[in-house]
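Below are the chains, spelled out letter by letter.
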Protein chains: 2
Amino acid sequence: MKISEVKNVLIIGLGLLGGSYAKKLTAEGFKVKVITLNREDIDYAVKEGFIVEGSTEVDETLISEAQLIIFALYPHTFIEWVEQYGSLIKSGTVVTDVTGVKGCVVEKIQNMLPAGVEFISAHPMAGKDTSGVQNSDPEIFKKANYIVVPTNRNTPDAIRLCCELGRTLGFADISSLNVRQHDEMIAFLSQLTHCIAVSLMCANGDPNLVRYTGDSFRELTRIANINDEMWSELFLSNREALLSEMDGYRKAFDRLYDTIKNNDRETMREMMRLSSARRKTFNEGEKLI
Amino acid sequence: MKISEVKNVLIIGLGLLGGSYAKKLTAEGFKVKVITLNREDIDYAVKEGFIVEGSTEVDETLISEAQLIIFALYPHTFIEWVEQYGSLIKSGTVVTDVTGVKGCVVEKIQNMLPAGVEFISAHPMAGKDTSGVQNSDPEIFKKANYIVVPTNRNTPDAIRLCCELGRTLGFADISSLNVRQHDEMIAFLSQLTHCIAVSLMCANGDPNLVRYTGDSFRELTRIANINDEMWSELFLSNREALLSEMDGYRKAFDRLYDTIKNNDRETMREMMRLSSARRKTFNEGEKLI
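Here the residue numbers are simple positions, counted from 1 along each chain's written sequence. As a convention, the first chain written is A and the first ligand written is 1, with the rest following in written order. Local features are withheld for residues below a pLDDT of 70 in this predicted model, meaning they are given only at 70 or higher, and side-chain atom pairs are given and counted only at 80 or more; totals for whole chains, interfaces and linings count all residues. Side-chain figures throughout are based on the complete set of non-hydrogen atoms in the structure, without hydrogens or water.

Undergrad: When you look at the relation of the copies chain B and chain A in this model, what are you seeing that I'm missing?
TA: What relates the pair of chain copies is a rotation about an axis plus a shift along that axis. Of the two same-sequence chains, chain B is brought onto chain A (RMSD 0.0 Å, axial shift 0.0 Å) by a rotation of 180 degrees. Both copies are brought into coincidence by an operation consistent with a two-fold rotation axis. Within chain B, Leu220 of chain B has its C-alpha nearest the rotation axis, a separation of 2.5 Å. C-alpha atoms of residues with pLDDT of at least 70 in both copies form the basis for the least-squares superposition of the copies.

Written out as structure tokens, the structure reads:
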């Protein structure tokens, strides 16, 4: 199936990401319907014109009409949903997701789905420090990365469809990692950075910081305002990889600490030059994307 | 002396900050001259019209004409300059600075200057990840904080003048801290955040991070491209305070690490809620500034 052959899309879970997908896909001409928990969210989305209709029930007609189903749920809710209702999905449907961790999800889901239903996993690296469909906005995809996470059970056809979905959503770059690579990468790039921001904010209770701050603290702690339900689940679902990245980072931090303690200016400057060189490489890479 | 009585300003050191001061003060009608190391920087600034003239020599006329002298040098260069040439500054002149650490600077400078010359220290909390006068831009002051750092040897008159200078430069908020408070605050808000960014970048050499990154890593490591000469000096000049803030942060980070290791979801969520509450307080504070 090509993206041009898809007409009916079903989004399950209408939050910040589900809503942003719905807005962009509707704008691109797809017929988007949803299944989600709250009636008000459906009413809002219908009124705003970015879904056709929706249900708070597990509606078999909505499920069987859809050629493409996108799950935008928390990892454990996603698994529970497919456990209970996965058998309702008809053969030929392609299923994808937005889940932030993959090791605890992808194999399970692929095992549970009926024959002829293919699950191709993806991680849109986009978000906001607010949640809910009211804050959804496909603009967040514009400078963001989209990672497709296939297994050896995926067909080239579904992988290509998933890449096309990323492009249709307007992501700046589409790439592919396997499950283990994805979870290690995300442990470092996303989970560790949230750990750092939370720790930094927990280390100092002075309510006047804002009067003395520069940009660096402001930027580092933007993500310290964190959805504790979602992120505790993400951290614990990727525990081994995250602990390993935290260890690696702590080693570097301790090395820098020692250079300061020992007045070892040369090693300190070496670390700073390494850091600068790597960040410059990163900047160059951004220009290419 | 009020800021309205100041006509001639001398800036010593024409880099990113010196240049940004020069641009804004010239735009506000002051007659700005400079003493700086490189002839090309002077020529550039004269050509661009944001200084009247400048010298690469320690020009006695420039020094004696100025009612207000602003030092925009590295801490040790600032101290060496005043040691060698401070006696040339005439009585009645007010001297200020932009130095990022104060404990190693303020008392020394106040002791060295001739009678009748008052040094009132200040820290503009603004910067960029580039350096040099060619990158100077007074726009960086607009959302930034300006901290005046008086000692018990300062007069109310000079403190007020220094606050007025901050306002004239266009800073969003002007506040005041004593030397010890300033150095502790800066150790936490600015130096620790740079330590974190450098450590994070040193912990992972994968050149493809940019393809998988989200905003959080991008924001946390913007400052990882760091001027190693300046920052190693700033870190070592504020060693005790910085080590202490690194210890405090490391304790919080280790606590979060343990919650993940022990699957202690409740303590983890408590830390995330504390972090979120503090960051919301910070956001509220920003709206007031």
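Undergrad: In this structure, what is going on with the interface of chain B and chain A? I would like to understand it.
TA: Contact residues are listed per partner, giving 87 residues for chain B and 86 residues for chain A. Both sides together, the interface formed by chain B and chain A hides about 9000 Å², and carbon and sulfur atoms give 64% of it. Each reported salt bridge corresponds to a side-chain nitrogen of Lys or Arg within 4 Å of a carboxyl oxygen of Asp or Glu. In this structure, the connection of chain B to chain A is made through twelve salt bridges. Counting from the N terminus, the helices are the DSSP runs of H or I reaching at least four residues and the strands are the DSSP runs of E reaching at least two. Among the elements that make up the side of chain B that touches chain A, the one with the highest residue count is helix H11 (residues 239-261) of chain B (17 residues). When its residues are assigned to classes, the side of chain B that touches chain A shows 41 nonpolar, 22 polar and 24 charged. Contacts between residues were defined by any pair of non-hydrogen atoms, one from each residue, lying within 4.5 Å. Using a 1.4 Å probe, buried area is obtained as the accessible area two parts lose upon being combined, added over both of them. As a working rule, the residues Ala, Val, Leu, Ile, Met, Phe, Trp, Tyr, Cys and Pro are called nonpolar, Asp, Glu, Lys and Arg charged, and the rest polar, with Gly in that last group.

Undergrad: Hey, could you run me through the state of the cysteines in this one?
TA: Disulfide: a covalent bond connecting the sulfur atoms of a pair of cysteines. Residues and elements named next belong to chain B. Here, a disulfide means two cysteine sulfur atoms that sit within 2.5 Å of each other. Summed over the entire model, instances satisfying the criterion amount to zero disulfides over all chains. Just so you know, Cys104 is unpaired, no disulfide at all, and the nearest cysteine sulfur is the one on Cys195, 16 Å from it. The buried label applies to any residue whose accessible area, calculated with a 1.4 Å probe on protein chains only, is under 20% of its type's maximum; exposed applies above 50%, and partly exposed to all values in between. Exposure remark for Cys104: the relative accessible area of 21% places this residue in the partly exposed category. Here Cys195 stays free of any disulfide, with the sulfur of Cys202 as its closest cysteine sulfur at 11 Å.

Undergrad: Where do I start with the pattern of salt bridges in this structure?
TA: Opposite charge on two side chains allows them to pair when their charged atoms are near. A full pass over the atoms with the stated rule returns 40 salt bridges over all chains. A salt bridge links Arg250 of chain A to Asp254 of chain B, with the shortest nitrogen-to-oxygen separation between them at 2.6 Å. Of this pair, Arg250 of chain A sits in helix H11 (residues 239-261) while Asp254 of chain B is found in helix H11, placing the two residues in two different chains. Linking Arg239 of chain B and Glu240 of chain B is a salt bridge whose minimum nitrogen-to-oxygen distance equals 3.1 Å. The network of salt bridges with shared partners includes Asp247, Arg250 and Asp254 of chain A together with Arg250 and Asp254 of chain B.

Undergrad: Explain unusual backbone geometry here, please?
TA: Residues other than glycine predominantly adopt negative phi, and peptide bonds predominantly adopt the trans conformation. One non-glycine residue, Asn263 of chain A, lies in positive phi territory at about 50 degrees. Taking the relative accessible area as the measure of exposure, Asn263 of chain A reaches 44% and is therefore partly exposed.

Undergrad: Would you explain the packing of H11 of chain B against helix H12 (residues 265-288) of chain B in this entry?
TA: The description of two helices packed together rests on the angle between their axes and the distance between the axes. Residues and elements named next belong to chain B. Note on geometry: axes are lines fitted to C-alpha atoms, helical ones only across the stretch in contact, with angles between N-to-C directions running from 0 to 180 degrees. Here H11 crosses H12 at 145 degrees, and the two axes come no closer than 8 Å. Judged by the sense of rotation from one axis to the other, the crossing of H11 with H12 is left-handed. Between H11, through Ala252, Arg255, Leu256, Thr259 and Ile260, and H12, the contact on the second element is made entirely by Thr267, Met268 and Met271. Here the residues of the contact of H11 with H12 sort into five nonpolar, two polar and one charged. Crossing handedness follows the turn of the near helix against the far one: under a right angle anticlockwise gives a left-handed crossing, and clockwise gives a right-handed one.

Undergrad: What exactly am I supposed to notice about the nonpolar core here?
TA: When a protein is soluble and globular, its nonpolar side chains tend to lie buried together. For our purposes a nonpolar core is just a set of buried Ala, Val, Leu, Ile, Met, Phe, Trp, Tyr and Cys residues, chained together by side-chain atoms within 4.5 Å. If you look at the biggest cluster of nonpolar residues, it comprises 88 residues, and the most contacted ones within it are Ile196 and Tyr249 of chain A together with Ile196, Tyr249 and Ile260 of chain B. In contact with Ile196 of chain B, not counting residues within four places along its chain, are Ile196, Leu200, Leu220, Tyr249 and Phe253 of chain A together with Tyr249 of chain B.

Undergrad: Teacher, can you tell me more about the packing of aromatic side chains here?
TA: The relation between two aromatic rings is expressed through the spacing of the ring centres and the mutual angle of the planes. Here is the rule: rings of Phe, Tyr and Trp (six-membered ring for Trp) pair when centre to centre is within 6.5 Å. Planes less than 30 degrees apart are stacked, more than 60 are edge-to-face, and the remainder are tilted. All told, the structure shown has 26 aromatic pairs over all chains when counted by the stated rule. A ring pair is formed by Trp231 of chain B and Phe235 of chain B, whose centres lie 6.0 Å apart and whose planes are at 70 degrees; its orientation type is edge-to-face. Here Phe235 of chain B and Trp231 of chain B lie together in helix H10 (residues 228-237), a separation of four residues that amounts to about one turn. In terms of burial, Trp231 of chain B and Phe235 of chain B fall into one category: buried. Ring-pair connections join several aromatic residues into one group, and the members of that group are Phe71, Phe78, Trp81, Tyr85 and Phe119 of chain A. Each ring is checked for a lysine NZ or an arginine CZ that lies within 6 Å of its centre and within 35 degrees of its normal; such an atom marks a charge sitting over the ring. Stacked on the ring of Tyr257 of chain B, the Lys or Arg Arg250 of chain A has its end atom at 4.5 Å from the ring centre.

Undergrad: Sorry if this is basic, but what is going on with the sheet that holds strand E1 (residues 8-12) of chain B here?
TA: Two modes of strand pairing occur in sheets, parallel and antiparallel, and in both the strands are linked by backbone hydrogen bonds. Residues and elements named next belong to chain B. Strand order in this open sheet of six strands is E3-E2-E1-E4-E5-E6, and the pairing throughout is parallel. Both outer strands of the open sheet, strand E3 (53-55) and strand E6 (118-119), are each paired with one neighbouring strand and no more. Any two strands are treated as partners once DSSP identifies two or more bridges connecting them. Summarising the sheet, E1 and strand E4 (residues 68-71) pair through four bridges and their orientation is parallel. Bridged to Ile11 within E4 is Ile70.

Undergrad: Explanation requested: the sheet that holds strand E8 (residues 145-149) of chain A in the structure shown.
TA: All names here are of chain A. The strand order across the open sheet built from three strands is E7-E8-E9, with neighbouring strands paired in mixed fashion. On the outer flanks of this sheet lie strand E7 (121-124) and strand E9 (173-176), each paired with one strand and no other. With strand direction ignored, the average angle separating the axes of adjacent strands in the sheet is 20 degrees. Here four bridges tie E8 to E9, and the two strands are oriented parallel to one another.

Undergrad: I tried to follow the pairing of E4 of chain B on my own but got confused; where do I start?
TA: On any regular strand, side chains alternate: one points to one face of the sheet, the next to the other face. Residues and elements named next belong to chain B. Residue alternation in E4 divides its side chains into two sets, Leu68 and Ile70 and Ile69 and Phe71, and both sets are buried. In this structure, E4 lies alongside strand E5 (residues 94-97), joined through four bridges in parallel fashion. Residue pairing for E5: Ile69 is matched across the bridge by Val95. Note that the unit made of E4, helix H4 (residues 75-85) and E5 has a crossover that is right-handed. Seen with its strands pointing away from the viewer, a crossover is right-handed when the path leading from the first strand over the helix to the second is clockwise.

Undergrad: Would you mind showing me how to read the side chain of His182 of chain A here?
TA: Residues and elements named next belong to chain A. Tracing the sequence through the fold places His182 in helix H7 (residues 179-202). In the analysis that follows, any N or O atom pair within 3.5 Å is treated as a polar contact, provided that within protein one partner can donate a hydrogen and the other can accept it, and provided that, for residues neighboring in sequence, both atoms belong to side chains. A polar atom in the side chain of His182 sits 2.8 Å from the side chain of Asp183. Not counting chain neighbours up to four residues away, the residues in contact with His182 comprise Gly100, Val101, Lys102, His123, Ile147, Val149 and Leu177.

Purely geometric stuff here, so don't read any function into it on its own.
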